[in-house]
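Observations on the three-dimensional arrangement
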Amino acid sequence: MDITKLLFQLLEGTKTSLLIFILTAIFALPLGLLISLMRMSKLKIISIPVRIYLLIVRGTPLLLQLLFIYFAPYYLLGLSYDRFIAAIIAFALNYAAYFAEIYRGGIESIPKGQYEAAAMLGFTKSQTFIRIILPQVIKRILPAMGNEFMTLVKDTALAQTIAVAELFRIASNSASRVFSTLPLVFAGIIYLILNCVVEWSFYYAEKRLDYYK
Amino acid sequence: MNVIKALNIKKQFGDVEVLKDISLEVNKGEVLSIIGPSGSGKSTLLRCLTQLERIDSGEIYVCGEQMVHTKNNAAIYATSDALVKMRLETGLVFQNFNLFPHFSVLRNITEALIHVLKVPVKDAKVKAIELLKRMSLEDKQDAYPCELSGGQQQRVSIARALALSPQVLFFDEPTSALDPELTNEVLKIIRELANEKMTMVVVTHEMNFAREVADRIIFMEEGIIASEGTPEELLVSPQNDRLRSFLGHFKM
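Below: a short report on this structure.

Moving on to the pairing of strand 1 (residues 2-13) of chain B. On a regular strand, one side chain projects to one face of the sheet and the next to the other, so that they alternate. Residue and element names in this part refer to chain B. When strand 1 meets strand 2 (residues 16-27), the two strands line up antiparallel, connected through eight bridges. The partner of Ile9 across the bridge, within strand 2, is Ile22. Linking strand 1 back to strand 2 in an antiparallel pair, the connection comprises two residues, with Gly14 at a positive phi of about 65 degrees. Pairing between strand 1 and strand 4 (residues 57-62): five bridges, direction antiparallel. Looking across to strand 4, one finds that Ile4 is bridged to Val62.

So, in structure tokens, the structure goes:
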């Protein structure tokens, strides 16, 4: 078994996994915020459909959602499209749902007095949210977000169900090719290394925001 | 000249009538103190005058501008632009300070100056430091609210409200969250503002302070103004029975 070649292949897979991770974060973070604001809307016509969306996304396996998003357009309309794009859509929609509920928990934990003080000083609603509320929300949700990000690193492995060549798929393919578990052990180590970076980043971010209570 | 004028205001929360037909005026340069038992509607009155609550009926004027009037039994508020303008004429100091915890003391004061009144950053800082000096807090400008005592936090929140140069400053039990020693440092500031003829409305349980600083006192009970007059009339020789029994709970 050529270890260098194996490692090179695994690194290629890691690049794909990392790309899924980064793109999911980029799309799901703002989308989650938007969904949480809609979820908190006083208008039932907005909040109820959002609740149904959250229920479906959080109540069914991500694996199934991946299959659905990739294959449904084909079966319904005869359209086929890039499997990587399908993976990003499925991950972004799924993680946005979890992020939305984390944002909501954070936003609802900010005391009413903060809004009232801002209103008395003449801040508009959007200024209040962006300058006063959101920075405090971010500090409060960091531990829960850290959880989600670590899960996301591992969940990228699910993209293999629609044949995206990410780390786990490449590792298990070469494992069966060379009749060895070594590629899987390496994959495990790579996931752990990625999550070390995630853990450290959140630790650092929490430290940075530690200057106030 | 009156800075605040309220006529026949009524406010209900569900079935509970919190304010039943309240009328009052606050004149320029005057210190008005509102006293009364818990649940008498003092805080709600303040919150209605500062737009934090909307009244059900009545009229309110701020610096001669109409904030709200009543037509066919429904309160009609001014346009949102006019309401923002009126809001900036009224400052409010909260019982539990409500400072912005993620901003330094200086930024708590400058943020609204810069982003609401569009004052240049440099001028906003000069103004904030000047206010902090008046509060004897000039050495705390870089501290965060969590590093300050309750009395210091309340003084910062007074500075924050004063920064926008309101025509009238409302205080909602400004010392109720403080121990006696810290209470005095906050009362000292309010006393100094009174000497400078700042128009103020102070909801308080500090009867000695009300007697000493207020030009006029309102005693509220069950949503109405039960008694009104000079500190002498209300606190020294109260005519109203309920007021007498209320005052009996305080050592003066």
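Another aspect to go through is the pairing of strand 4 of chain B. Residue and element names in this part refer to chain B. Of the two faces of strand 4, the one holding Gly58, Ile60 and Val62 is buried and the one holding Ser57, Glu59 and Tyr61 is not buried anywhere. As defined by bridge partners, strand 4 adjoins strand 5 (residues 65-71) across three bridges and the pair is classed as antiparallel. Paired with Ile60 across the strands is Val68, a residue of strand 5. Connecting the antiparallel pair strand 4 and strand 5 is a turn made up of two residues, with Cys63 showing a positive phi of about 50 degrees.

Residues and elements named next belong to chain B. Its location among the elements puts Glu228 in strand 11 (residues 224-229). Residue Glu228 is classed as partly exposed on the basis of its C-beta count, with 16 C-beta atoms lying within 10 Å. Between the alpha carbons of Glu228 and Arg155 there is a distance of 29 Å; along the sequence they are 73 residues apart.

Residues and elements named next belong to chain A. Interaxial distance between helix 3 (residues 62-77) and helix 4 (residues 83-108) falls to 9 Å at its minimum, and their mutual angle equals 135 degrees. Of the possible angle classes, the one that applies to helix 3 and helix 4 is oblique. As helix 3 runs across helix 4, the sense of the crossing is right-handed. Along its contact with helix 3, which presents Leu62, Gln65, Leu66, Ile69 and Tyr70, the element helix 4 presents Arg83, Ala86, Ala87, Ile89, Ala90 and Asn94.

The rules behind each value
- Residues numbered from 1 in each chain as written.
- Chains lettered and ligands numbered in written order.
- Predicted model: local features only at pLDDT ≥ 70, side-chain atom pairs only at ≥ 80, totals over all residues.
- Pairing = 2+ DSSP bridges.
- Helix = DSSP H or I, 4+ residues; strand = E, 2+ residues; numbered from the N terminus.
- Buried ≥ 20, exposed ≤ 12 C-beta atoms within 10 Å, placed from the backbone.
- Axes fitted to C-alpha atoms, helices over the stretch in contact; angles between N-to-C directions.
- Parallel < 35°, antiparallel > 145°, perpendicular 65-115°, else oblique.
- Left-handed = near helix turned anticlockwise from the far one by under 90°.
- Contact = placed C-beta atoms within 7 Å.

So, to be careful, I would describe these as geometric facts and stop short of saying anything about function.
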